[in-house]
There are 6 protein chains.
Amino acid sequence: MPFVNIRITKEEISSDQKRRLIEGVTKLLQDVLGKNPATTFVIIDEVETDNWGIAGEQVTTKRKREAKS
Amino acid sequence: MPFVNIRITKEEISSDQKRRLIEGVTKLLQDVLGKNPATTFVIIDEVETDNWGIAGEQVTTKRKREAKS
Amino acid sequence: MPFVNIRITKEEISSDQKRRLIEGVTKLLQDVLGKNPATTFVIIDEVETDNWGIAGEQVTTKRKREAKS
Amino acid sequence: MPFVNIRITKEEISSDQKRRLIEGVTKLLQDVLGKNPATTFVIIDEVETDNWGIAGEQVTTKRKREAKS
Amino acid sequence: MPFVNIRITKEEISSDQKRRLIEGVTKLLQDVLGKNPATTFVIIDEVETDNWGIAGEQVTTKRKREAKS
Amino acid sequence: MPFVNIRITKEEISSDQKRRLIEGVTKLLQDVLGKNPATTFVIIDEVETDNWGIAGEQVTTKRKREAKS
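Source: prediction; values computed, not measured. (Residues numbered from 1 in each chain as written. Chains lettered and ligands numbered in written order. Predicted model: local features only at pLDDT ≥ 70, side-chain atom pairs only at ≥ 80, totals over all residues. Heavy atoms only, no water.)

## Re the relation of the copies chain F and chain E
Item 1. Laying chain F over chain E is done by rotating through 120° and shifting 0.0 Å along the axis; what remains is an RMSD of 0.0 Å. Taken together, the turn and the small shift mark the pair as related by a three-fold rotation axis. Across chain F, the smallest distance between a C-alpha and the rotation axis is recorded for F:D45, namely 5.9 Å. (Least-squares fit on C-alpha atoms with pLDDT ≥ 70 in both.)

Dropping the structure here:
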């Protein structure tokens with residue numbers, strides 16, 4: 001009965017991409033650990049780029065800087 | 001000082017239902033473990049049905065399938 | 001299919017108390033939101049008192065201070 | 001490679017305040033534990049006041065009560 | 001820069017199985033969303049079966065019941 | 001009433017370092033957002049290096065590789 005939480009930045013992810021993540025993670029847990037898909041939960045959290053920091057910087061700022069270069 | 005995180009699908013939950021969840025969990029922790037309600041935190045996360053997977057399937061898809069049958 | 005995470009300090013909680021927390025939360029979600037117990041997950045995390053801070057202080061320190069007074 | 005999750009009530013936090021939180025936490029982990037900022041993640045979750053409970057009460061209700069007094 | 005948290009019951013998982021989970025999830029995020037592996041974090045939490053509930057029952061109890069049948 | 005969860009690899013962190021993290025984060029939330037320390041929670045999770053992956057690799061493996069070079 002695994003529980004998986006995937007946190008990614010909120011940047012135009014389609015419903016189909018979410019479906020593929022959910023299917024893929026569920027299959028992985030079945031393949032590696034023999035976990036029953038029926039009781040495998042996957043939750044995807046999409047986080048605003050203003051609310052995610054890496055290297056002490058908001059992803060919003062990072063994206064702008066990268067777009068310029 | 002317990003911290004409780006309740007994650008449910010985002011499907012028309014009223015403010016009053018949230019109040020009952022918060023009251024109920026806080027009381028449960030007081031009854032079972034003697035925890036002080038003053039420092040009991042409860043956070044409810046409502047998750048889009050597209051972002052929640054069970055049995056390798058998005059809840060959105062599951063709900064549609066169930067509505068048909 | 002709710003997911004509940006209860007975080008408490010690690011201080012001699014019995015298996016029976018854990019059972020009562022799991023039963024109580026599962027029943028609460030059924031009563032308030034009609035959620036199916038079969039797909040309700042509850043995870044209890046017990047956190048070392050050195051690793052939990054409140055009011056800028058470790059719970060270990062707080063407990064010692066309270067024991068003296 | 002620390003991961004920090006800050007959860008606060010959703011109450012008009014500016015992008016600049018988020019930036020200061022991200023910078024501050026990243027610097028703290030570098031100062032105290034020598035952690036590399038390049039692989040330090042910080043995620044800020046803003047939670048609706050209806051969805052956050054303290055002392056068995058929704059923060060929305062608490063805020064209204066406090067505004068009256 | 002995805003962050004993935006896999007929570008499973010603590011039941012004799014080998015280091016090699018953990019490696020396969022980490023590799024698999026990282027690859028999945030690269031394949032589906034084009035995420036850079038260099039900044040993909042995966043954390044596996046192993047939870048005592050006494051501390052995990054499903055259907056209002058501790059997994060410890062569920063395992064014993066299943067072993068009998 | 002902020003809730004902060006700091007996740008780091010389990011690698012000989014002293015109680016005093018934990019105290020400094022808890023104090024620092026609590027002060028940061030007071031300075032930036034005016035949050036009341038009395039209801040600020042900080043939880044530190046120490047994660048086994050076998051259970052933490054970055055760039056598709058266990059931190060245990062990464063540490064060994066780095067030690068050699």
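## What to know about the relation of the copies chain A and chain E
Item 1. Least-squares fitting of chain A to chain E yields an RMSD of 0.0 Å, with the superposition described by an axial translation of 0.0 Å and a rotation of 180°. Here the two chains are linked by the operation of a two-fold rotation axis. Across chain A, the rotation axis passes nearest the C-alpha of A:N5, at a separation of 2.6 Å.

## Some details on the confidence of the model for chain A
Keep in mind that low pLDDT regions are not for reading the predicted coordinates in detail.
Item 1. In this model, chain A carries a mean pLDDT of 96, and residues with pLDDT of at least 70 account for 100%.
Item 2. At the level of chain-chain contacts, confidence expressed as ipTM amounts to 0.97, with global pTM at 0.97. (pLDDT = per-residue confidence, 0-100.)

## Re the interface of chain A and chain E
Size of an interface, as often reported, equals the accessible area lost when the parts are brought together.
Item 1. Facing 28 residues of chain A, the contacting portion of chain E comprises 28 residues.
Item 2. Summed over both sides, the interface of chain A with chain E buries roughly 2300 Å², with 75% coming from carbon and sulfur.
Item 3. Where chain A packs against chain E, one counts zero salt bridges.
Item 4. At the junction of chain A and chain E, the tally comes to seven residue pairs in polar contact (both at pLDDT 80 or more).
Item 5. In terms of residue class, the side of chain A that touches chain E is built from 16 nonpolar, five polar and seven charged.
Item 6. Across five bridges, the pairing between strand 1 (residues 3-9) of chain A and strand 1 (residues 3-9) of chain E is antiparallel. Each residue of the ladder has a partner; that of A:I6, found in strand 1 of chain E, is E:V4. (Contact = heavy atoms within 4.5 Å. Buried area = accessible area lost by both parts, 1.4 Å probe. Salt bridge = Lys/Arg side-chain N within 4 Å of Asp/Glu carboxyl O. Polar contact = N/O pair within 3.5 Å; in protein donor to acceptor, adjacent residues only side chain to side chain. Nonpolar A, V, L, I, M, F, W, Y, C, P; charged D, E, K, R; others polar. Pairing = 2+ DSSP bridges. Helix = DSSP H or I, 4+ residues; strand = E, 2+ residues; numbered from the N terminus.)

## Some remarks on the environment of F:E12
Item 1. Note on placement: F:E12 falls in the loop between strand 1 (3-9) and helix 1 (15-33).
Item 2. Linking F:E12 and F:E46, residues 34 residues apart in sequence, is a C-alpha distance of 9.7 Å.

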